[in-house]
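In case you want the letters, here they are:
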Amino acid sequence: MRKRKFLHIVLSLVLAVTLIINLTSMGYSMVDISKITNTLQEKMTDNTSRISVSIWCSAPDISRMQTRVQASVATLSESAELMIASDDSVNNVAELSKEIKESYRASVSQVYKADNEDFVSDHLNAETVIYVSRYAPMIIANLTNEEILTLTGSSAVISLDYYEEPEFETVNFATASETASELTTLTAQLSDYTGAGVNIGVFDAGVPSDEETVGMNVVETLGEYNGTHPGFVASILKEIAPSANYYFAGNAAGVSYAGCIEWLLDQGVDVINTSLSVGGDGNSVYGNFAKWLDHIAYNHYVLLVKSAGNTSALISCPGMAYNIMTVGAMKPSGSDYVLESFSGYY
C-alpha cells in the first residue's frame, strides 16, 4: 500500500513538471496545486480517464446592476407602505417586486453567461462541458488530470473541485402524526403570516403529485413525480404558507442540480428550499458548490434553505455555505426539543 501511494506521488510530480514548460508557452503561469481541493486531488490519484470538475472563475463586475435594483426596491418599499391595507395590495407589491427581480436576474445572467462561455471558448473543449452557470462564475466539465493541472495555471481560475450529481434517494423524515401536532402549534403562532405574495421555489427528488398540492397556488413545475418526500415537503409548506405562490423543480431529464436551482431563479422566486445534497465537496466541507450557493444568495436576492442531511455529526454538501439557512431535524422531548438521531449537525 505504501509503495502504491509513493508511486502515485512520484507520477503526479512527474506529470506536473512535464507540463510546466508547455504551460508557459501557452500563456499560463506555473501549476498551482493549491487551487485543487483535497477531494479532487484524491480523485486524481486514481484517475485514468476524466473526472467531473466544478471550475470556479473570477467573477464579473455586476455592481452597477445591483445599484439599480436596490434603488428600484427602495422606491417600491416606500410605495408599499401606502399600499399595505389589503391582501390585494400585498399581492400587487409582491408582483412588482417579482418583476424587478426577474428583470435584474435576466440582465445579470446574460453577463455571467457571456463571461463563462468566453472561458469555455478560451480554455476548454466544449464537448467536455456539463453545465455553464448563468448566475455565478462556475462551469462544470469532464476533465483529464492534465487539463485540470493546466487550468491551475490560468489567472482566471480561482479553484477546482470534484463534482458529482445527487442520487434521488428516499430521505428520512418524521412521521405524519408526529409532524401534524408540531404544525398545529406552529401555524397557530404564525397565523398572521400566510405567505401571501411570496414566491417559493422547492427543489427535491421530484415534484409532488396534483393530489398532494390541492389548495396550493402552483405556478410552474419542472420534473416528474418521484416518491413521497416532495409531497411531504409540500404538505408542510401548505400549512405554514397557504397563500404563497409555488414553483417545484425535481428530477427533470437532462437538467442538473445547478440547472434546477437556476431555473427557480429564472422564475423570480424569493425563497428556495431544498433537501437534496450534491456530491463532490464532501460532508462538512466548504467547497465550490457551497461557494456557488453563497454567491447566488448574496448577489441575486434569494433566501436559500438547505437540509443539514441525514448523517449524524456531519453537514451534507453544500450546507456549509455561509449565506444560506441550513436546518437540522428536532423532535419534542418533554417540554423541550432534542436533535433527531439521524440529523446532520456541525
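What counts and what doesn't
Residues numbered from 1 in each chain as written. Predicted model: local features only at pLDDT ≥ 70, side-chain atom pairs only at ≥ 80, totals over all residues. Heavy atoms only, no water. Helix = DSSP H or I, 4+ residues; strand = E, 2+ residues; numbered from the N terminus. Buried < 20%, exposed > 50% of the residue type's maximum accessible area, 1.4 Å probe, protein only. Areas by Shrake-Rupley, 256 points an atom, 1.4 Å probe, with all protein chains shown as cover. Phe/Tyr/Trp six-rings, centres within 6.5 Å; stacked < 30°, edge-to-face > 60°. Pairing = 2+ DSSP bridges. Axes fitted to C-alpha atoms, helices over the stretch in contact; angles between N-to-C directions. Contact = heavy atoms within 4.5 Å. Expected span 1.5 Å × (residues − 1). Polar contact = N/O pair within 3.5 Å; in protein donor to acceptor, adjacent residues only side chain to side chain. Core = buried A, V, L, I, M, F, W, Y, C linked by side-chain atoms within 4.5 Å. pLDDT = per-residue confidence, 0-100.

## Structural notes on the overall build of the chain
When helices and strands are counted, the chain shows nine helices and 12 strands. Taken over 346 residues, the chain has a buried fraction of 45%. On the chain, roughly 17700 Å² of surface is accessible, and the fraction owed to carbon and sulfur atoms is 53%.

## Considering the packing of aromatic side chains
What the rule picks out here adds up to eight aromatic pairs. Relative to phenylalanine 248, the ring of tyrosine 246 lies with its centre 6.0 Å away and its plane at 15°, an arrangement referred to as stacked. For phenylalanine 248, a relative accessible area of 2% translates into the label buried. An aromatic cluster is defined as three or more aromatic residues linked by ring pairs; in this entry it consists of Tyr163, Phe203, Tyr257, Phe289 and Trp292.

## Side note on the sheet that holds strand S3 (residues 138–143)
With respect to topology, four strands assemble into an open sheet ordered S2-S3-S1-S4, the strand pairing being antiparallel. Across the chains shown, the open sheet's two edge strands, defined by having one partner strand only, are strand S2 (129–132) and strand S4 (157–162). Strand-to-strand, the axes of this sheet are offset by a mean angle of 20°, without reference to chain direction. In the sheet, strand S1 (residues 51–57) pairs with S3 via six bridges, with the strands oriented antiparallel. Paired with isoleucine 51 across the bridge in S3 is leucine 143. The sheet strands contacting helix H2 (residues 38–45) are S1 and S4, and the helix crosses S4 at an angle near 60°.

## Describing helix H7 (residues 229–240)
Here H7 is 12 residues long and its end C-alpha atoms lie 17 Å apart, about the 16 Å a rise of 1.5 Å per residue gives. Here H7 has its buried residues at His229, Pro230, Gly231, Phe232, Val233, Ala234 and Leu237.

## A word on unusual backbone geometry
The omega torsion of the bond from cysteine 317 to proline 318 falls at 5°, within 30 degrees of zero and hence cis. Looking at the secondary structure, you find proline 318 in the loop between strand S9 (303–307) and strand S10 (325–327). Even without being a glycine, tyrosine 301 presents a positive backbone phi close to 55°. If you trace the backbone, tyrosine 301 turns up in the loop between helix H9 (288–299) and S9. For tyrosine 301, a relative accessible area of 27% gives the class partly exposed.

## Structural notes on the sheet that holds S9
Here six strands make up an open sheet; going across it, the order is S6-S7-S5-S8-S9-S10 and the pairing parallel. One side of each edge strand has no neighbouring strand; the edge strands of this open sheet are strand S6 (217–222) and S10. Looking at each pair of strands side by side, their axes are set apart by 20° on average, direction ignored. Of the strand pairs in this sheet, strand S8 (residues 271–274) and S9 are connected by four bridges, and their pairing is parallel. Opposite isoleucine 272, over in S9, you have leucine 304 as the bridge partner. Running at roughly 170° to strand S7 (residues 245–249), H7 makes contact with strand S5 (199–203), S7 and S8 of the sheet.

## Some remarks on the pairing of S2
Moving residue by residue along a regular strand, the side chains alternate between the two faces of the sheet. Two elements, S2 and S3, share three bridges in a ladder whose sense is antiparallel. Along S3, the bridge assignment pairs valine 132 with isoleucine 139. The turn linking S2 back onto S3 is made up of five residues.

## Quick word on the side chain of aspartate 270
The residue aspartate 270 is located in the loop between helix H8 (257–266) and S8 in this model. Classification of aspartate 270 as buried rests on a relative accessible area of 16%. For aspartate 270, the side chain forms a polar contact with the side chain of lysine 101, separated by 2.5 Å. Leaving out residues up to four positions away in the same chain, aspartate 270 has contacts with Lys101, Gly197, Val198, Asn199, Tyr301, Val302 and Leu303.

## Some points on the nonpolar core
Core analysis: the biggest nonpolar cluster contains 35 residues, and Tyr257, Phe289 and Trp292 have the highest contact counts within it. Secondary-structure elements contributing two or more residues to this core are S3, S7, H8 and H9. At seven residues, the largest contribution of residues to this core is made by H8. Not counting residues within four places of it along the chain, the set of residues in contact with tyrosine 257 comprises Tyr163, Glu165, Pro166, Phe203, Thr274, Leu276, Ser277, Val278, Phe289, Trp292, Lys306 and Pro318.

## Examining the environment of glutamate 102
In this fold, glutamate 102 is placed in helix H4 (residues 87–123). Separated by 163 residues in the primary sequence, glutamate 102 and leucine 265 have C-alpha atoms spaced 8.1 Å apart.

## A look at the confidence of the model for the chain
The share of residues in the chain with pLDDT of 70 or more is 77%, and the mean pLDDT across the chain is 81. Note on residues 170–177: pLDDT is under 50 here. Beyond four places in sequence and across chains, it has 10 contacts.

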